[in-house]
Amino acid sequence: MIKQRIYLVLLFSSVLLWISCERPTSPENPNEPPNTTMANIPRENDTLFALVKLHWDGEDNDGYISKYEYRYITKRIFIGDSIVQEWKETDQTSLVVPFLSDDELNLQIFQVRSVDNKGFVDPTPAEKRFYTIQTVFPETEILYPKNNSTYFVNDKPTDWWQGIKLNYFGFDKDGQIVEYAWAVDDTDWHWTNDTSVVITPDYFSKPLSGQHTIRVTSRDNTNLIDPDGKEIIINLINPSFEKKILVIDATTESNFPAGLVNKANDAQVDAFYADVFEGSDSWDFNKNGMPPVDVLGQYKCIVWHSDDLPFSKPHAIANYTDAIEDYLNVGGNIIIGGWRILKSFAWTDNFPIVFEQNSFVNQYLHIVSVDETSLIGDFKGAAGLNGIYPDIKVDSLKLVGFPYNGMLGNINLILLPAGFTDGIYFYQNANDSPYYQYRGRTVGLRYYGTSFQATVLGFPLFFIEKENAKIMAREILKQMGIN
């Protein structure tokens, strides 16, 4: 009996031990690669435009699809060669693909394969075959700079000069431009979606001063790149500012008012400015046009005078603001004066006027609003600022005759200056003048900036007494730091 009990206990313990032990598992099933299928649109062997929308799908019996890879092979029928594109990844199941299609007829073999969550790739990619017709290459043009033109350049960008502006555009007869590229000298292409860029000095080969080549090209929505592109040559000048003052004589003496008894000639005007701005050089605008960049860049300051009275058309300065802006942007300085000089920048507008923020007068001369006095002579001189600038008087002997009677009319009044400016001269007329509203208005303004300075006189300096004008000019130059 005892033996039976012992036997049962041993048997029961063996059963428990067998139950408690881990039974071996069978090996895990191997991962199956995914499968890929393509929709039947477009139909096999169709002839299409080079932009084709394709659809596909993937399946994985023991996991899920994590991404797809696709490529295409182009067989150029008439050229007789083949081009194999690299595989690209996507998580989409539908894409518009731009196919290379530069031959008259091109066989396209599109392949797509699924990749599952364990990285296994469909060993038999889905495939679609069709033909595409030839697409037209895009064309590219440069709007600015102009070929064989000369521009100022600095060694480094500043607040006012960021670099050389480059504007371009492209057109594609059978599609659209999707990307542009530009390059300087022998550097690599820089691709962008913009049609305007600023090329900083570090992109140009050294030395900066001299000739440089700018190239542009474009890519269309079928991946065709303009094979020719556009190329221009520009000349860059790093200004020396080694000389002091260049007086640009833009006064047309034949336009002095007919009623004046003592009309001056060109030699007299030239002599006046040579005395007022001692040691200056002179440039005759009416004979030689605008000074070239390599001339302007030699001078710390240019003095522009247009002292004749225009009635039928504005002074020429309004047509040369781009050249003046380039000069100021790289650190030049300017003094502008003339008869109706500010009116010339808004010739067809009624005064008073507010100049737009991006206009030359507002942005560079820092003048917001301007008015003009009557034709009748009333301006007898101007009071200088706080004793810093000397008071000045009109030379009445130069203004004998109606309607001036020894005084100036058509004076430009600066009603509202912009920031970083000082009014330096203020309108003076007789105490009994009916034009009392002009009295004390600003007729001379100085802008002091980080890169350049500008002084604007709303009256013709030639008609100021010479000794007054000489002292005034010396103080203006001193305050502008032109030594």
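Look up a bit, the structure's there.
Residues numbered from 1 in each chain as written. Predicted model: local features only at pLDDT ≥ 70, side-chain atom pairs only at ≥ 80, totals over all residues. Heavy atoms only, no water.

Draft legend 1. Just the overall build of the protein, in detail. The helix and strand tally for the protein stands at seven helices and 29 strands. A globule of 483 residues ought to have a C-alpha radius of gyration of about 23 Å, yet the protein, at 40 Å, is considerably larger. Each principal axis of the C-alpha atoms in the protein carries an extent, and together these give about 150 × 75 × 45 Å. When each of the 483 residues of the protein is scored for burial, the buried share is 48%. Counting only contacts in the protein whose residues sit at least 6 apart along the sequence, the fraction spanning at least 24 positions is 73%. Surface exposure of the protein reaches about 24500 Å², of which carbon and sulfur atoms provide 50%. A gap of 4 Å separates the mean positions of the 40 positive and 63 negative side-chain charges of the protein. (Helix = DSSP H or I, 4+ residues; strand = E, 2+ residues; numbered from the N terminus. Rg over C-alpha atoms; globule rule 2.2 N^0.38 Å. Buried < 20%, exposed > 50% of the residue type's maximum accessible area, 1.4 Å probe, protein only. Contact = heavy atoms within 4.5 Å. Areas by Shrake-Rupley, 256 points an atom, 1.4 Å probe, with all protein chains shown as cover. Lys, Arg positive; Asp, Glu negative; His and termini not counted. Charge placed at Lys NZ, Arg CZ, Asp CG, Glu CD.)

Draft legend 2. Region of interest: the nonpolar core. One finds Leu166, Leu342, Leu365 and Ile367 to be the most contacted residues of the largest nonpolar core, which totals 60 residues. With four residues, strand 13 (residues 177-184) is the largest single contributor of residues to this core. With residues near it in sequence (within four places) discarded, Ile367 still touches Leu342, Phe355, Val361, Asn362, Ile414, Leu416, Pro417, Ala418, Leu445 and Val456. (Core = buried A, V, L, I, M, F, W, Y, C linked by side-chain atoms within 4.5 Å.)

Draft legend 3. Main features of the layout of surface pockets. Of the volumes computed, that of the largest pocket is approximately 620 Å³. Together, 25 residues line the largest pocket, and Tyr144, Lys165, Asp322, Asp326 and Asn329 are the ones closest to its centre. Of all the elements in the fold, those that place two or more residues in the lining of the largest pocket are strand 11 (150-152), strand 12 (164-171), helix 4 (293-296) and helix 5 (321-329). Considering each element in turn, the lining of the largest pocket owes the most residues, five residues, to helix 5. For the lining of the largest pocket, a count of residues per class yields 14 nonpolar, seven polar and four charged. The space that makes up the second largest pocket amounts to roughly 270 Å³. Along the walls of the second largest pocket sit 15 residues, with Thr252, Asn255, Asp308, Pro310 and Lys313 positioned nearest its centre. (1 Å grid on protein atoms, 1.4 Å probe; cavity = no way out; pocket = protein on both sides within 12 Å on 5 of 7 lines; lining within 4 Å. Points joined across faces, edges and corners; volume = space filled by probe spheres on them. Nonpolar A, V, L, I, M, F, W, Y, C, P; charged D, E, K, R; others polar.)

Draft legend 4. Just empty space enclosed by the protein, in detail. All chains considered together, the criterion is met by one cavity of 30 Å³ or more. The computed volume of the largest cavity comes to approximately 90 Å³. If you go around the largest cavity, you meet 16 residues; those closest to its centre are Phe277, Val303, Ile335, Leu457 and Leu461. At the level of secondary structure, the elements contributing two or more residues to the lining of the largest cavity comprise strand 20 (299-306), strand 21 (333-338) and helix 7 (466-480). In terms of residue count, the dominant contributor to the lining of the largest cavity is strand 21 (four residues). Its residues assigned to classes, the lining of the largest cavity shows 12 nonpolar, three polar and one charged.

Taken by themselves, the reported measurements are silent on function.
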